[in-house]
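# Coordinates in review
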Amino acid sequence: MLQQFLQDFGYFALFLGTFFEGETILVLAGFLAFRGYMDINLVVLTAFCGSYAGDQLWYFMGRRHGRALLARKPRWQAMGDRALEHIRRHPDIWVLSFRFVYGLRTVMPVAIGLSGYPPRRYLLLNGIGAAVWALALGVAAYHFGAILEGLLGNVKKYELWVLGGLLVLGALLWIRRRFRTVRAERKAAAQALATRQAEQGKHEP
């Protein structure tokens, strides 16, 4: 049942997951490939396509609506400004490596587009970065299954626990990230309110 489900929907889910972000779902797919439920070559290829397509979209959104997108949330604005500083110093390096940097993964393609980075150059280097990311993370997760089998013996009787653990870990990481995002947004909103109140106080007689 699990194998049939993954054959029907697994690669589509992987594409969507890597399109929007994808580290957790790629790790899970790599482990499933080790167990024989998915093909590691298709996992890497799908992850590459999802990540590449998603970041190309955000890059072009950044070129057209970068400031408006970042201004939607105070945290995005702060992260975008930080990302722009990095890009101005070492643009090619950041285009190749931003997928591996926690905290800047989401806004970096928008900031790269906003910075005026050449589209053709981004098309090439973003493809190289996506390929390295998908291959490195997918193969690492695949070999994680081999290491696990070496430690536990036959993983077959533990695989549901391992899959459940990976899903729980992914959910916890998402909740932690969401909590930090909400806390940062509240802090930024409070600071903005305090600034506005201070400015209004200066203008009042």
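Here the structure is shown first, and the text comes after it.
Below, the structure is looked at part by part. (Residues numbered from 1 in each chain as written. Predicted model: local features only at pLDDT ≥ 70, side-chain atom pairs only at ≥ 80, totals over all residues. Heavy atoms only, no water.)

### Here we look at the pattern of salt bridges
According to the stated counting rule, one finds two salt bridges in the structure shown. Salt-bridge contacts for Arg-99 lead to Asp-55; the nearest nitrogen and oxygen are separated by 3.0 Å. Taken together, the residues Arg-99 in the loop between helix 5 (91–97) and helix 6 (108–114) and Asp-55 in helix 3 (residues 40–70) connect sequence positions 44 residues apart. Both residues of the pair, Arg-99 and Asp-55, belong to the buried class. (Salt bridge = Lys/Arg side-chain N within 4 Å of Asp/Glu carboxyl O. Helix = DSSP H or I, 4+ residues; strand = E, 2+ residues; numbered from the N terminus. Buried < 20%, exposed > 50% of the residue type's maximum accessible area, 1.4 Å probe, protein only.)

### Some thoughts on the packing of aromatic side chains
What describes a pair of aromatic rings is the distance from one ring centre to the other and the angle between the planes of the rings. Summed over the entire model, instances satisfying the criterion amount to seven aromatic pairs. Here the aromatic rings of Phe-15 and Phe-19 are separated by 6.1 Å at their centres, their planes lie at 35°, and the arrangement is tilted. Of the two residues, Phe-15 and Phe-19 are both situated in helix 1 (residues 2–20); the distance of four residues between them amounts to about one turn of the helix. On the basis of relative accessible area, Phe-15 is assigned to the partly exposed category, the value being 29%. On the basis of relative accessibility, which here comes to 18%, the residue Phe-19 falls in the buried class. Where Tyr-117 meets Tyr-122, the ring centres are 6.4 Å apart and the plane angle is 80°; that geometry is what we call edge-to-face. A single burial state applies to Tyr-117 and to Tyr-122, both of which are buried. (Phe/Tyr/Trp six-rings, centres within 6.5 Å; stacked < 30°, edge-to-face > 60°.)

### Let's talk about the environment of Phe-60
Inspection of the secondary structure puts Phe-60 in helix 3. Look at Phe-60 and you get partly exposed, because its relative accessible area is 41%. Counting along the chain gives 59 residues from Phe-60 to Pro-119, while the straight-line C-alpha distance between them is 8.4 Å.

### Let's talk about a nonpolar patch on the surface
A cluster of nonpolar side chains, contributed by Leu-96, Phe-100, Leu-124, Ile-128 and Val-132, occupies part of the molecular surface with about 440 Å² of accessible area. In terms of residues, the nonpolar patch owes the most to one element, helix 7 (residues 119–152), which gives three residues. Inspection of the secondary structure assignment puts Phe-100 in the loop between helix 5 and helix 6. (Patch = residues over 30% accessible without salt bridge, like charges linked within 9 Å, V, L, I, M, F, W, Y side chains within 5 Å. Areas by Shrake-Rupley, 256 points an atom, 1.4 Å probe, with all protein chains shown as cover.)

### A few points about the nonpolar core
Of all hydrophobic cores here, the largest spans 14 residues; its most connected members are Leu-26, Met-38 and Val-43. For this core, the secondary-structure elements that each account for two or more residues are helix 2 (23–34), helix 3 and helix 7. Sort the elements by how many residues they give to this core and helix 2 lands first, with five residues. Dropping the residues within four chain positions of it, Leu-26 is found in contact with Leu-14, Val-43, Ala-47, Trp-133, Ala-134, Leu-137, Gly-138 and Ala-141. Grouped together as the second largest cluster of nonpolar side chains are 13 residues, Val-95, Phe-98, Ile-112 and Leu-125 included. (Core = buried A, V, L, I, M, F, W, Y, C linked by side-chain atoms within 4.5 Å. Contact = heavy atoms within 4.5 Å.)

### Structural notes on the packing of helix 2 against helix 3
Contact geometry for helix 2 and helix 3: axes closest at 9 Å, N-to-C directions at 165°. Comparing their axes, helix 3 and helix 2 come out roughly antiparallel. Where helix 2 crosses over helix 3, the two elements pack in a sense that is right-handed. Residue-level inspection shows Leu-26, Ala-29, Gly-30 and Ala-33 of helix 2 in contact with helix 3, the latter providing Ile-40, Val-43 and Ala-47. (Axes fitted to C-alpha atoms, helices over the stretch in contact; angles between N-to-C directions. Parallel < 35°, antiparallel > 145°, perpendicular 65-115°, else oblique. Left-handed = near helix turned anticlockwise from the far one by under 90°.)

### Some points on helix 2
Taking 1.5 Å of rise per residue, 12 residues should cover 16 Å, and helix 2 covers 17 Å from first to last C-alpha, within 8% of that figure. All buried positions along helix 2 are accounted for by Leu-26, Leu-28, Ala-29, Gly-30, Phe-31, Leu-32, Ala-33 and Phe-34. (Expected span 1.5 Å × (residues − 1).)

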